[in-house]
Amino acid sequence: MDSLEKYGVGIIDPQNLYDFYNDYHSYLVSCGVDGVKVDVQNLIETLGSGYGGCVSLTKQYQEALEKSVTKNFKDNNLICCMSHSSDSIYSSKKSAVARASEDFMPREPTFQTLHIASVAFNSFLLGEIFVPDWDMFHSKHETAEFHAAARAIGGCAVYVSDKPGNHDFKILKKLVLPDGSVLRARNAGRPTRDCLFEDPVMDGKSLLKIWNLNVLTGVVGVFNCQGVGSWPLKSLEATPLRTTISGKVRPLDVEFLEEVAGENWNGDCAVYAFNAGFLSKVSSRGKLDVSLETLQCEIYTVSPIRVFGHDVQFAPIGLLDMYNSGGAVEALDCTMDVAQCIIKIKGRGCGRFGAYSNVRPKRCIVEMKEEEFSYNPEDGLLTIKLGEGNSRDIEFVY
């Protein structure tokens, strides 16, 4: 912005906007670029004099931009940034994705927790209008796990700005499947109800909890954002020191959980803690204790326990080594007769696939081939190893 004040800023005649964007985008496509992020869109607010005012100018810019993106890029690959003005929002007819907060700033240690908290709270509104964008992050960074976990449950795209060759693949492999796709949650990640009127950054006592839904499960991410940064216009001296914060996680932290539970839900849930690796059976109104140090997080997959024939209680968890484990479960069905009960799952990805079961199945079949599995009767964790591939048909026979 200093350079704009010093040198000024030019503007393209609104009548030539589409030609400009189309020339630019077609060139990018010829170079192998498959999408664009258009930043500093709010600057148009200051340039409307002589062009019909900022509302008219913003509308013309957005229409020309979207028309060119639709023509040149597949899948509407456009991220709008610095576009929260009413003019930008009401002028966006085709663009689906918009940045939800300030940039990820790797060299600003006090900004990391603010970034996570502000995106979550802004998504409470923006998630009704756009797909909120959480911005890029660095996979090799002291807060990489913190940012990666947030993006896994944010319902957003995942992208990094690592220096080429400087990647932490242990983190990236928890976010991205081998085919390059991600286990994206269904909605915008938003704060849970009990967080809405708390300050998870500066009050020294509150954890930030973010909920989302998958096709058949819910997910809650818990983050300790205390003791690092302060909100703008608030003194850093008011920020408590790094501290361990304790709180509660409940299945009902996930809004609309009953909509993915189905008719066979018995009211209980299997809750899998990703980092701890623990599986717990909790009633819908029950709760689990969680305690995190500053800049630590935990992700809980919440899977409603369904009751099937032969007294089988079952809840799919998903890929146990992915942050959003439940995003790997796409469908669940059951067939039964007097002799047996067969639970059928449509899954995605490879690696350890887990589920809760109150009894040990007789056998497991993956893609029409019987496979070995493990079962822990103490917590009911049923695990099978999935080889390379994407879409999978899994059957558990009881």
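For the structure itself, consult the block above.
This structure is a prediction, so every number in the text was calculated from the model and none was measured.

Calculation rules
- Residues numbered from 1 in each chain as written.
- Predicted model: local features only at pLDDT ≥ 70, side-chain atom pairs only at ≥ 80, totals over all residues.
- Heavy atoms only, no water.
- Helix = DSSP H or I, 4+ residues; strand = E, 2+ residues; numbered from the N terminus.
- Buried < 20%, exposed > 50% of the residue type's maximum accessible area, 1.4 Å probe, protein only.
- Contact = heavy atoms within 4.5 Å.
- Areas by Shrake-Rupley, 256 points an atom, 1.4 Å probe, with all protein chains shown as cover.
- Lys, Arg positive; Asp, Glu negative; His and termini not counted.
- Charge placed at Lys NZ, Arg CZ, Asp CG, Glu CD.
- Core = buried A, V, L, I, M, F, W, Y, C linked by side-chain atoms within 4.5 Å.
- Salt bridge = Lys/Arg side-chain N within 4 Å of Asp/Glu carboxyl O.

**Observations regarding the overall build of the chain**
When helices and strands are tallied, the chain shows eight helices and 21 strands. Judged by the C-alpha coordinates and their principal axes, the chain covers about 80 × 50 × 40 Å. When burial is assessed residue by residue, the chain has 50% of its 398 residues classed as buried. Looking at the chain alone, contacts between residues at least 24 apart form 69% of all its contacts between residues at least 6 apart. In the form shown here, the chain has an accessible surface area of approximately 19,300 Å², with 51% of it arising from carbon and sulfur atoms. Computing the positive centroid from 40 side-chain charges and the negative centroid from 51, the chain places the two 3 Å apart.

**Concerning the nonpolar core**
With 48 residues, the main nonpolar core has W134, I210, F223 and Y323 as its most contacted residues. Apart from the residues within four sequence positions on either side, Y323 is in contact with E145, A148, A149, A152, I171, K174, L175, F274 and I299.

**Considering the pattern of salt bridges**
In this structure the tally under the stated criterion is 14 salt bridges. E145 is paired through a salt bridge with K174; the nearest N and O atoms lie 3.3 Å apart. Taken together, the residues span a long stretch of sequence, with E145 in helix α6 (residues 144-152) and K174 in the loop between α7 (169-172) and β5 (190-191) at a distance of 29 residues. Here D253 ties to K209 by a salt bridge, and the two come within 2.9 Å at their closest N and O atoms. With D253 in the loop between β8 (245-249) and α8 (257-261) and K209 in strand β6 (residues 208-213), the pair connects residues that are 44 residues apart, well separated along the chain. A relative accessible area of 4% places K209 in the buried class. One salt-bridge network, in which partners are shared between bridges, spans R99, D103, D133 and D135.

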